[in-house]
Amino acid sequence: MKNQSITNHIDWITVGLFITLVILGWLNIYSSSLSAVTGDSSIFDLSQFYGKQLLYIALTFPLILVILFVEGKFYEKYSSIIYTISVLSIAGLFVFGKSVKGQANWYSFGSFGIQPSEFAKAATALALAKYLSDVQVNLKLVKDQIVALAIVFFPVLLIAVHDPGSALIYMIFFVVLYREGLPGWYLFSGFAAIILFILMLITNNPYIVIGIAAVALTFNYFRSRLIERNIIASGIMLVLVAIFSFSVSFVFNNVFKQHHRDRFNILLGKQVDMKGIGYNIHQSEIAIGSGGWFGKGYLEGTQTKGGFVPEQHTDYIFTTVGEEWGFFGSVIVIGLFVTLVLRLIYLAERQKTKFSRVYGYCVAGILFIHFFVNIAMVVGIFPTIGIPLPFFSYGGSGLWGFTILLFIFLKMDANKVNEW
């Protein structure tokens, strides 16, 4: 009866948004997969993507029940163990991982596979929430900052070897850390590094970038109050900018793989390749643009049916929405995601414990960065880095990973009636 009473406090608005997104996701996977089907085929056909996805969805509901019927304190008490197991599962890929499209980030079980990086997001969020909820932790102190950043970066370093795109998602934890007291200069430095990186790729001249940085630092120096001016600090920052600028070319040419370099060059207009690496994004833009205001109608997308957009059932699933449902349908889908994220932020703010609040913000942040980057990717304003659209993109690991992430928080939110 205790579990039943807690279940009654589940936020059904969030559950309704989850179910709606999962159903819409499957409908679009079904549509994007039909181009490969010859003759009549059952929706339960496991040889088709939509058949497998239906199985994954069916297995999601017993997974949800397990999450909800486990005591809420379990996730806090054993967060360190969950995190350790998750990190070890990623490390195990170096020995037992199956290579798919050049990335050994899967464990293979016959025709099915498990991608541990999808589950590591929830594990990292739990570990970070556990650490930050310690009353002795103060993110104004360097020693506590180092531990918090290590919790985030340890899985990132392991994941980045196989899947740099998924590793970038973990940067959203910086926003959560900032919310909990991390000094703002961390975020400022991160945004500044991104801007400098892009400027270097555009100009390919470190002296121009250093000059721009010098002008910006000089302007900031003289606009600051006299008591805040520090010419030594400004000089150190300029030196760091210079070092960073000269290192970009080396990293870009020696650390990035060729297909990553091509994607950045195409995005920045430095390379045109409509038949090679740029084909995906070009066809994606055509498909979305052809949908117009109201779309061509469900199952009526010519680009979708023709199979012109590669990997349309996974990373490019939003192109099916754009072509068949049009601008208004796309706005509705985006609105559902935005509503879900805002609802999670609202739930996080009303938590009675710091642990559940921090975890709630992690969940909202991870879902937001996924849907934002994925849609930006398919409309051509962000390089293709293989980021799935939550609850829409094909795949069991992604669906289960996001489900675990979300419903652990819903369990915590339901359990707040028992917390004082």
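Residues numbered from 1 in each chain as written. Predicted model: local features only at pLDDT ≥ 70, side-chain atom pairs only at ≥ 80, totals over all residues. Heavy atoms only, no water.

Visitor: Just give me the short version of the overall build of the protein chain, but keep the residues and values in it.
Guide: Per the secondary structure count, the protein chain includes 19 helices and three strands. Within the protein chain, buried positions represent 49% of all 420 residues. Sequence-distant contacts, at least 24 apart, represent 70% of the contacts inside the protein chain between residues at least 6 apart. Total accessible area on the protein chain is roughly 20,400 Å²; 70% of this is exposed by carbon and sulfur atoms. (Helix = DSSP H or I, 4+ residues; strand = E, 2+ residues; numbered from the N terminus. Buried < 20%, exposed > 50% of the residue type's maximum accessible area, 1.4 Å probe, protein only. Contact = heavy atoms within 4.5 Å. Areas by Shrake-Rupley, 256 points an atom, 1.4 Å probe, with all protein chains shown as cover.)

Visitor: Hey, could you go over the pattern of salt bridges for me, with residue numbers and the actual values?
Guide: Scanning the model with the defined rule gives nine salt bridges in all. Where arginine 357 meets glutamate 180, a salt bridge forms, and the shortest distance between an N and an O atom there is 2.7 Å. With arginine 357 in helix 18 (residues 354-378) and glutamate 180 in the loop between helix 10 (173-179) and helix 11 (184-203), the pair connects residues that are 177 residues apart, well separated along the chain. In this pair, the class of arginine 357 matches that of glutamate 180, namely buried. Residues joined in a network through salt bridges with shared partners are Arg179, Glu180, Glu349 and Arg357. (Salt bridge = Lys/Arg side-chain N within 4 Å of Asp/Glu carboxyl O.)

Visitor: Can you explain the packing of helix 18 against helix 19 (residues 396-415)? Please cite residues and give values.
Guide: Contact geometry of helix 18 with helix 19 gives a least axis separation of 10 Å together with a crossing angle of 150°. Between helix 18 and helix 19, the crossing angle belongs to the class labelled roughly antiparallel. Seen along the crossing, helix 18 lies across helix 19 with a hand that is left-handed. Between helix 18 and helix 19, the residues in contact are Phe355, Ser356, Tyr359, Gly360, Val363, Ile366, Leu367 and His370 and Phe402, Ile404, Leu405, Leu406, Ile408, Phe409 and Met412, respectively. Of the residues belonging to the contact of helix 18 with helix 19, the class tally is 12 nonpolar, three polar and no charged. (Axes fitted to C-alpha atoms, helices over the stretch in contact; angles between N-to-C directions. Parallel < 35°, antiparallel > 145°, perpendicular 65-115°, else oblique. Left-handed = near helix turned anticlockwise from the far one by under 90°. Nonpolar A, V, L, I, M, F, W, Y, C, P; charged D, E, K, R; others polar.)

Visitor: Break down unusual backbone geometry for me, with residues and values.
Guide: A positive phi angle is found at leucine 299, which is not glycine, with a value near 70°. Relative to the helices and strands, leucine 299 is located in the loop between helix 15 (279-290) and helix 16 (302-305). Positive phi, close to 70°, is recorded for phenylalanine 391, a residue that is not glycine. Inspection of the secondary structure assignment puts phenylalanine 391 in the loop between helix 18 and helix 19.

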